[in-house]
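# Descriptive structure summary
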Amino acid sequence: MNGRPYAIMAEFETPAAILRAADKVRGEGFRNWDVFTPFPVHGMDRAMGIRNSKVGWFSFIGGVTGYATGMLMIWFMNTLDYPIVIGGKPMFSPFAAFPPSYELTILFGSFGALLGMLFLNRLPRLHHPLLKNGRFKLASHDRFFVVIETNDPQYSETATRKLLESLGSRHVEFVEE
Amino acid sequence: MAEAAQIPTMSQPAPLVVHAPPAELEREPLVAGGHGIGWLSDTIAGVAEGSPKAWWKICFAISVTMMTVCFLCIAYLMSTGVGVWGLGHPVMWGFAIVNFVWWIGIGHAGTLISAILFLLRQKWRTSINRAAEAMTIFAVMCAGIFPLIHIGRIWYGYWLFPIPNSYSIWPQFRSPLMWDVFAVSTYFTVSVLFWYMGLIPDLAVMRDRAKTNVRKFGYGLFALGWTGSNRHWSNYEKAYLILAGLSTPLVLSVHSIVSLDFSVSQLPGWHTTIFPPYFVAGAVYSGFGMVLTLLVPLRRLLKLEEIITVRHIELMCKVTLLTGSIVGYAYVMEFFIAWYGGNPYEKFVFLHSRLADPFIIGPLYGIKPAPYWWAEWMMILCNVLVPQLFWFKKVRTSMIVVFMLSILVNVGMWFERFVIVVVSLHREFLPSNWGYYKPTWVDILQFLGTFGLFFTFFLLFIRYVPLIAIAEVKGVTPQANPHHPLGGAKMGGHHS
């Protein structure tokens, strides 16, 4: 191994064990650490101290943009750029313009939610030290991992390892950069 | 303390004793067999990993052939013109619009399962949502073909979208047909986004299990580097909730807007305010019919009976019963308003053109049988009477009966679309404008061909993508619950 490893990784077998471990690791004051699970574990956000996700803002801005785009586009096209009388109807009516604008609200809002989620998670990221680790493949199967990065100010090669073992992890290993 | 608990005193009331619920009130588990979460990965991902079975190859060959027939018919239509269809005055909307409305309605069950049942916290949806969403996407693809080709000059199809063109004219947004373009294309796009986002963690499962480099690269690319980090899950779950919240008004709006194509016009039989909710209920009804048609044989062929359990099938039958009853109520309401509303044209359409059969109603009122009386009665039989059989548990738990009834559901819904489109059009206000519509062989082969398109995509889907949402099913097992003994919770603790 050249230099410092990327992180120390501890494996757990049940969601209850990982929840207890996360609570403890957070209590120790670590900052650059994470928990990896095959599915979202109920109560983990609270145990890790993660605040409410900001994805909603991306979706909200997308939705407002979509509605404004729809209304302005229809007003511009049917009133300003190419006005044409059809059945004596008004050139622009918010009622007729509503259905397409409503759909665009949902369309842009959905893109906001998906792209906002990817942006906040810094995805796609196809190269990651953990993805090279053979044991870590179990994180998508049936195992639960606590990973503490070595650049965390609290990190110590021996004490952190001891802490993770004391939490009941049967398998602790270092992850290469 | 033990004695104190047994002797109630004034200062210390007796502790509340909570008995375990009787066995008959216990709900059946969502995953039968008590399997762990690793088993779920192995079983579900295994479907997309092995080599294709003989039945898959046969079905795929048939589907691709039918799909080719569909495209050949489109080529014939494009090279010759819409005259190859059975259209003619006064029925200018024939099979194309019937099939469009039918296919798009089928899609609605997928979104209902993935979005509305998610918001209602119906955990059983996790076993079926992935396949149902895939069904939605492929059904909308089949639906989208028809309005595109029915415009006649398909190469001008882009005029439907607000794209600057050399004539510098714009689409006319005061028409419901224009709203439909936005509704359907948004519905397709958002369904794909929702489906793909749900797939990301499962593509990571496939990536981590992949043996060959091609699979590692392919699944790895589309998994976007998903690691299962809880900081990621936190954003992911929020985005999933928002997409479910956005898809719910979307799915209700799509078929409502499709129905406005009809109800905004002045034609008797179309011009009614009941259409939007009636179309949405019919759409969900037919969609659940299609989900049952697909999943009842698949769970058997792919040995997924422990994940898509009889309870899942029963619950879907109950939704079919509910929406079928709403559809039946809407039919009754339509006839009532046709009589109560006092509009002679409306009354004529419902009595003389729809209901008047040669055996009972026709002779009773002394009127000639309606030219399409069989379509109306097929629709009433399949959409009003057939779903009522789902009241019986024996029917709901017999897979072969459920399968046959689910096909009848969609036969009935196709006839409903036929009644609404063709039967309303074939007799206008003036008897000199009456006509009779008959489909040609191109109409029929094109419709059958879309099944080829649908099943080709669906078979490819079950072959390469996990057809059940692995991460979501894992999340609803007791093994995944940190407050359950199977999830590692300590017995006797405050969380046990």
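Computed from a prediction, not measured in an experiment: that's the story for all the values here. (Residues numbered from 1 in each chain as written. Chains lettered and ligands numbered in written order. Predicted model: local features only at pLDDT ≥ 70, side-chain atom pairs only at ≥ 80, totals over all residues.)

## Quick notes on the overall build of chain B
Helix and strand counts for chain B come out as 17 helices and zero strands. For chain B, the C-alpha atoms occupy an extent of roughly 95 × 65 × 45 Å along the three principal directions. When burial is assessed residue by residue, chain B has 46% of its 496 residues classed as buried. In chain B, of all internal contacts separated by at least 6 residues, the share reaching a separation of at least 24 is 76%. (Helix = DSSP H or I, 4+ residues; strand = E, 2+ residues; numbered from the N terminus. Buried ≥ 20, exposed ≤ 12 C-beta atoms within 10 Å, placed from the backbone. Contact = placed C-beta atoms within 7 Å.)

## Overview of the overall build of chain A
Across its full length, chain A holds six helices and four strands. Sequence-ordered secondary structure for chain A, helices as α and strands as β, is β-α-β-α-α-α-α-β-α-β. Here the C-alpha radius of gyration of chain A, 25 Å, is well above what a compact globule of 177 residues would show, namely 16 Å. For chain A, the residues scored as buried account for 42% of the 177 residues in total. Sequence-distant contacts in chain A: of pairs separated by 6 or more residues, those separated by 24 or more amount to 81%. (Rg over C-alpha atoms; globule rule 2.2 N^0.38 Å.)

## Looking at the interface of chain B and chain A
At the junction of the two partners, chain B supplies 56 residues and chain A supplies 60 residues. Breaking the side of chain B that touches chain A down by element, the ones donating at least two residues are α2 (37–47), α6 (176–209), α8 (230–263) and α17 (470–475) of chain B. By residue number, the principal contributor to the side of chain B that touches chain A is α8(B), which donates 17 residues. Looking at the side of chain B that touches chain A residue by residue, the class counts come to 29 nonpolar, 21 polar and six charged. (Nonpolar A, V, L, I, M, F, W, Y, C, P; charged D, E, K, R; others polar.)

## Some thoughts on the domain arrangement of chain A
The figure often quoted for interface size is the accessible area lost as the parts come together. For chain A, the assigned domains are domain 1 (7–51 + 127–175) and domain 2 (55–120). Its C-alpha centre places domain 1 of chain A at a distance of 44 Å from the equivalent point of domain 2 of chain A. (Domains from an automatic or database assignment.)

## Overview of the nonpolar core
One finds Met135(B), Ala139(B) and Val291(B) to be the most contacted residues of the largest nonpolar core, which totals 149 residues. Sequence-distant contacts of Ala139(B), that is, excluding residues within four places in its chain, are made with Trp103(B), Ile104(B), Ile106(B), Gly107(B) and Phe454(B). Grouped together as the second largest cluster of nonpolar side chains are 31 residues, Val35(A), Met44(A), Ala47(A) and Leu130(A) included. (Core = buried A, V, L, I, M, F, W, Y, C linked by C-beta atoms within 7 Å.)

## Some remarks on helix α3 (residues 55–81) of chain A
Quick reminder: α-helices carry 3.6 residues per turn. Residues three or four places apart thus point the same way. Taking 1.5 Å as the rise per residue, α3(A) with 27 residues should run 39 Å; its terminal C-alpha atoms sit 37 Å apart, in good agreement. Where α3(A) is concerned, the buried positions are Val55(A), Phe58(A), Ser59(A), Gly62(A), Gly63(A), Gly66(A), Gly70(A), Ile74(A) and Asn78(A). Contacts from the buried residues of α3(A) go to α4 (94–120) of chain A together with α8 of chain B. (Expected span 1.5 Å × (residues − 1).)

## Focus on the sheet that holds strand β2 (residues 33–36) of chain A
Residues and elements named next belong to chain A. If you walk across this open sheet you meet the four strands as β2-β3-β1-β4, and the pairing is antiparallel. Two strands lie at the open edges of the sheet, namely β2 and β4 (171–175), each paired on one side alone. Looking at each pair of strands side by side, their axes are set apart by 20° on average, direction ignored. In the packing of helix α6 (residues 157–166) onto the sheet, contacts are made with β1 (7–12), β3 (144–149) and β4, and the angle to β1 comes to roughly 10°. (Pairing = 2+ DSSP bridges. Axes fitted to C-alpha atoms, helices over the stretch in contact; angles between N-to-C directions.)

## Some points on the packing of helix α9 (residues 275–301) of chain B against helix α10 (residues 310–340) of chain B
Residues and elements named next belong to chain B. Interhelical geometry of α9 versus α10 gives an angle of 150° and a closest axis separation of 8 Å. In this view, α9 runs roughly antiparallel relative to α10, as classed from their interaxial angle. For the pair α9 and α10, the sense of crossing is left-handed. Touching Tyr278, Ala281, Gly282, Val284, Tyr285, Phe288, Gly289, Val291, Leu292 and Val296 of α9 are Ile313, Met316, Val319, Thr320, Thr323, Gly324, Ile326, Val327 and Ala330, all from α10. Of the residues belonging to the contact of α9 with α10, the class tally is 14 nonpolar, five polar and no charged. (Parallel < 35°, antiparallel > 145°, perpendicular 65-115°, else oblique. Left-handed = near helix turned anticlockwise from the far one by under 90°.)

## What about the environment of Arg27(B)?
Within the secondary structure layout, Arg27(B) lies in the loop between α1 (2–6) and α2. The spatial distance from the C-alpha of Arg27(B) to the C-alpha of Arg311(B) is 9.5 Å, given a sequence separation of 284 residues.

## Points about the pairing of β1(A)
All names here are of chain A. Among the six residues of β1, six are classified as buried, and the element is accordingly described as predominantly covered. In this structure, β1 lies alongside β3, joined through six bridges in antiparallel fashion. Counterpart to Glu11 in the pairing with β3 is Phe145. Taken together, the five bridges between β1 and β4 define a ladder with antiparallel strand orientation. When the sheet's bridge partners are listed, Ile8 is paired in β4 with Phe174.

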